[in-house]
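Summary of the model geometry
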Amino acid sequence: MVLCLEILIRGNIEGSKLASNKEGIAILVDVLRASTTIPIAMQKGIKKFYVAKEVEDARLTQKELETMLMGERGCLKLSGFDYGNSPTEIFNETSFAKEVAAFTSSTGAKRIVDAIGSKYLIIGSIVNAAAVVKKCIELTKNNPLTVVIVPTFTHGPITDNTITEDQIGALLIAREFNKVGMKLELKTQNEIKLLEEHMKNLSIEEILLATDHGQKLIDLGFAKDIEFCSRLNFTSKVPISENNVYELSNKKKIVTFY
Ligand code: MLT
């Protein structure tokens, strides 16, 4: 029996803060591409991720915790980093120098750190939507909790505003909750209906390609990543943190995911 108290979709920094205040489960969704890259990297053998808000904090994590460096600014790999934020690049890698990585990204990583205080932080995306829901069911079996799905950058409900990819990712995760009998807010049900209408005519990849961020990634030569990020339930990897927070020597907090 599923015992999540309530399932909410609340975006942007306010969503992360709400999740933190509710002390429940925060599902952080940055479809293009941070929340796709991290589960894929874990599937490929990286065992632990330290997520940092700022580039300098990721670099300090590398020094203090002897990690690899992964992430982006402006969607591009940073100087001295081992990898950027491309799930395709990571998926095609055959071996990694280390099993531990420090990660930072322009938006997703920041909203993850903003959700510190949640009982559990989970990195969710289209690629692991069903697995994320399965994990939440396990976590709430003997322990009812609020679930806040946080599209890390969104213009709000797709019924009112331009479709944004993180809102779509959040809805595809909510849809998986619905499939196992969990009740959703009426506005979320309406958004899912609209998304399903779109999905009759367009593939998820086509929907993502039409977003602003999708267009930016195409311009930068990352079109393959959009196809990758659209693979519904491609992996069962669910990066999770039991509010595991590490304080760096500069007093900044980073979040550890296993
Ligand atoms: C972000 O966190 O803003 C994104 O993951 C950016 C990207 O596509 O690399």
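Because the structure is a prediction, the values reported are computed rather than measured.

Let us look at the overall build of the protein chain. Helices and strands together make up the secondary structure of the protein chain, namely eleven helices and eleven strands. The C-alpha radius of gyration of the protein chain comes to 17 Å, within 12% of the 18 Å expected for a compact globule of 258 residues. Each of the three principal axes of the protein chain carries a C-alpha extent, and together these read 45 × 45 × 30 Å. Pairs at least 24 residues apart make up 79% of the contacts formed inside the protein chain by residues separated by at least 6 positions.

Burial analysis of helix α2 (residues 34-43) places nine of its ten residues in the buried class, which makes it a mostly covered element. Considered for burial, the residues of α2 that qualify are Ala34, Ser35, Thr36, Thr37, Ile38, Pro39, Ile40, Ala41 and Met42. Remark: Gly45 follows α2 within two positions and exhibits a positive phi of approximately 120°.

A few words now on the site of the ligand. The environment of the ligand is formed by Asp30, Leu32, Arg33, Ala34, Glu72, Cys75, Asn85, Ser105, Ser106, Thr107 and Gly108. Here the shell around the ligand is built from residues that sort into three nonpolar, five polar and three charged.

On to the pairing of strand β8 (residues 146-151), then. Counting buried positions along β8 gives six out of six residues, so the element sits mostly inside the fold. Along β8, one buried face is formed by Thr146, Val148 and Val150 and the opposite face, lined by Val147, Ile149 and Pro151, is buried too. In terms of strand pairing, strand β1 (residues 6-9) meets β8 through four bridges, oriented parallel. Each residue of the ladder has a partner; that of Glu6, found in β8, is Thr146. Bridge count between strand β2 (residues 25-29) and β8: five bridges; the pairing is parallel. In the strand pairing of β8, Ile25 is matched with Val147.

Our next topic: the packing of helix α6 (residues 129-140) against helix α7 (residues 165-179). Between α6 and α7, the shortest axis-to-axis distance is 9 Å and the interhelical angle comes to 50°. Taken together, the axis directions place α6 and α7 in an arrangement best described as oblique. The chirality of how α6 crosses α7 is right-handed. Contact residues: α6 offers Ala129, Ala130, Val132 and Val133, while α7 offers Leu172, Ile173, Glu176 and Phe177. Among the residues forming the contact of α6 with α7, the class breakdown is seven nonpolar, no polar and one charged.

It is worth spelling out the sheet that holds strand β4 (residues 68-73) at this point. Read from one edge of the open sheet, six strands run β5-β4-β6-β3-β11-β10, paired in mixed fashion. The open sheet has two edge strands, β5 (76-77) and β10 (245-247), and neither has a second partner. Taken strand by strand, helix α3 (residues 55-65) contacts β3 (48-51), β4, β6 (100-104) and β11 (253-257), and its axis lies near 165° from that of β6.

Let's shift gears to the environment of Arg175. Mapped onto the secondary structure, Arg175 falls in helix α7. On a C-alpha basis, the gap between Arg175 and Thr164 in space is 17 Å, while along the polypeptide they are eleven residues apart.

The next subject is the sheet that holds strand β7 (residues 120-124). In any sheet, the strands associate via hydrogen bonds between backbone groups, in a parallel or an antiparallel arrangement. Spatial ordering of the open sheet is given by β1-β8-β2-β7-β9, a layout of five strands whose pairing is mixed. Every other strand in the sheet has two partners, leaving β1 and β9 (240-241) as the edge strands with one partner each. Against the sheet, helix α1 (residues 12-22) engages β2 and β8, with an angle of about 165° to β8. Running at roughly 150° to β8, α7 makes contact with β1, β2, β7 and β8 of the sheet.

Conventions adopted
- Residues numbered from 1 in each chain as written.
- Predicted model: local features only at pLDDT ≥ 70, side-chain atom pairs only at ≥ 80, totals over all residues.
- Helix = DSSP H or I, 4+ residues; strand = E, 2+ residues; numbered from the N terminus.
- Rg over C-alpha atoms; globule rule 2.2 N^0.38 Å.
- Contact = placed C-beta atoms within 7 Å.
- Buried ≥ 20, exposed ≤ 12 C-beta atoms within 10 Å, placed from the backbone.
- Near = placed C-beta within 6 Å.
- Nonpolar A, V, L, I, M, F, W, Y, C, P; charged D, E, K, R; others polar.
- Pairing = 2+ DSSP bridges.
- Axes fitted to C-alpha atoms, helices over the stretch in contact; angles between N-to-C directions.
- Parallel < 35°, antiparallel > 145°, perpendicular 65-115°, else oblique.
- Left-handed = near helix turned anticlockwise from the far one by under 90°.

Nothing here speaks to function; it is geometry throughout.
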